[in-house]
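What follows is each chain in one-letter form.
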Amino acid sequence: MASPTRLHRRPFARLALPLGLGAAMALTACGGGSGGGGGGQLTGTLNGAGASFPSSIYQSWFQQLASTGLKVNYQSVGSGAGVRQFIAGTVDFGASDAPMDAEDLAKVSRGTVQVPMTAGAIAVAYNLPGCELKLTQAQVADVFLGKIKNFKELGCADQQINVVYRSDGSGTTYNFTNSLAAFSEAWKSGPGAGKAVAWPVGVGAKGNEGVAANLGQNRGSIGYVETSFVKGDLQAAAVQNKNGDFAKPDSENASKALAAIDLGPDLIGSDPNPSAGYPIVTFTWILLYKTGNDEKAEMLKKVFNTTLSEEFQSKAPTLGYVSLPAEVITKAKAAVDSIGK
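Residues numbered from 1 in each chain as written. Predicted model: local features only at pLDDT ≥ 70, side-chain atom pairs only at ≥ 80, totals over all residues. Heavy atoms only, no water.

A. Inspection of the packing of helix α4 (residues 137-145) against helix α5 (residues 171-183) at higher detail. Where α4 contacts α5, the axes come no closer than 9 Å and their chain directions differ by 120°. The pairing of α4 with α5 is recorded here as oblique in orientation. Judged by the twist between their axes, the crossing of α4 over α5 is left-handed. Between α4 and α5, the residues in contact are Q137, V140, A141 and F144 and F176, L180 and F183, respectively. Considered class by class, the residues forming the contact of α4 with α5 number 6 nonpolar, 1 polar and no charged. (Axes fitted to C-alpha atoms, helices over the stretch in contact; angles between N-to-C directions. Helix = DSSP H or I, 4+ residues; strand = E, 2+ residues; numbered from the N terminus. Parallel < 35°, antiparallel > 145°, perpendicular 65-115°, else oblique. Left-handed = near helix turned anticlockwise from the far one by under 90°. Contact = heavy atoms within 4.5 Å. Nonpolar A, V, L, I, M, F, W, Y, C, P; charged D, E, K, R; others polar.)

This is the structure:
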């Protein structure tokens, strides 16, 4: 797989943008260079809901595009809720950090096109100033299994560990628990992998926003969030990859891992334990209806071909995400253009 487009070497972002639900954001239906939708201006409103993992970059992209009457309302409700709303047909598009499975796809009579839109790393985030965690794969699993109960067992100060996990159905949870299952046979045969699992220890919080807020308020807490939510008193642990190297979840290390993933012809591939870079990474998908979009088809094409443009993808590292590789962008644009009225 080709290297991500214009990927800069810099640490993951400390994003300062406020996060909100259902905020209406104006978008430019700009012509030239962004693909899809033809020339001239488009007006109207698009409504979408889903993953909180990419909500920071979606918000930034949508705000940057604000200059015309075309608006997008995106609700950061989690991948599970986003998929349910997409199946119910109550949104114009959905968003998920996990591809829809065959059972869910069969429920969408209009057909589904799943488009990778951005990518990033899931950080093992913790709140213990002065502690620099370097975790083996077994240690990561044992923390969330409740077998490791104190930071002193990990080489830091004597501080009880308080685990925080996602309480809602989540693509972030899906990808994180798939990695835990790849790291540990005990996790694989125990809680297992999914958008929601029975966590052995800890307390739940809703969304990446909720987990990050809980972690920030409680010294000694540890959880998992998309890297742009690691800010303030929170730090991200270095995690051992399949080759035995330890890596932080910065853009460079996430890019190395993502470059090894084959998305396949349907653009929905993944790897829960890549051998290079930071090992807990994921693409995240926009869900579009294949047919039945009516007059909104051209709006959808304009919006998402613009966010797939080189200009917009190149901004991903500054927001804590990873620009999509050029060959993925080409296939993703073709997928967007395949939707019809």
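B. Spatial organisation of the pattern of salt bridges. Under the definition given, this model contains 6 salt bridges. The salt bridge partner of R166 is D168, with a shortest N-O separation of 2.8 Å. Residue R166 is classed as buried on the basis of its relative accessible area, which comes to 4%. Here E298 and K301 are joined by a salt bridge, their closest N and O atoms 3.8 Å apart. Of the two residues, E298 and K301 are both situated in helix α9 (residues 296-307); the distance of 3 residues between them amounts to about one turn of the helix. Taking the relative accessible area as the measure of exposure, E298 reaches 26% and is therefore partly exposed. Using a relative accessible area of 13% as the deciding quantity, one classes K301 as buried. (Salt bridge = Lys/Arg side-chain N within 4 Å of Asp/Glu carboxyl O. Buried < 20%, exposed > 50% of the residue type's maximum accessible area, 1.4 Å probe, protein only.)

C. Expanded view of the packing of aromatic side chains. Going through the model one piece at a time under the given rule, you end up with 15 aromatic pairs. Relative to Y74, the ring of Y58 lies with its centre 5.5 Å away and its plane at 85°, an arrangement referred to as edge-to-face. With a gap of 16 residues between them, Y58 in helix α1 (residues 55-64) and Y74 in strand β3 (residues 70-76) connect regions that are remote in the sequence. As far as the burial class goes, Y58 and Y74 line up, both buried. (Phe/Tyr/Trp six-rings, centres within 6.5 Å; stacked < 30°, edge-to-face > 60°.)

D. Just the environment of A236, in detail. Note on placement: A236 falls in strand β10 (residues 235-236). When the C-alpha positions of A236 and N127 are compared, they lie 9.1 Å apart, and in sequence the two are 109 residues distant.

E. Here's a closer look at the sheet that holds strand β11 (residues 238-240). Read from one edge to the other, the open sheet built from 3 strands follows the order β6-β11-β12, with strand pairing classed as mixed. Across the chains shown, the open sheet's two edge strands, defined by having one partner strand only, are β6 (134-135) and β12 (246-247). Across 2 bridges, the pairing between β11 and β12 is antiparallel. Paired with V239 across the strands is A247, a residue of β12. (Pairing = 2+ DSSP bridges.)

F. View of the packing of α9 against helix α11 (residues 326-337). Taken N-terminus to C-terminus, the directions of α9 and α11 make an angle of 170°; their axes are 9 Å apart at the nearest point. By the angle between their directions, the pair α9 and α11 is classed as roughly antiparallel. On α11, the residues touching L300, K301, F304 and N305 of α9 are K333, V336 and D337. Split into classes, the residues belonging to the contact of α9 with α11 amount to 3 nonpolar, 1 polar and 3 charged.

Fair warning: the whole summary comes from geometry, so function is off the table for now.
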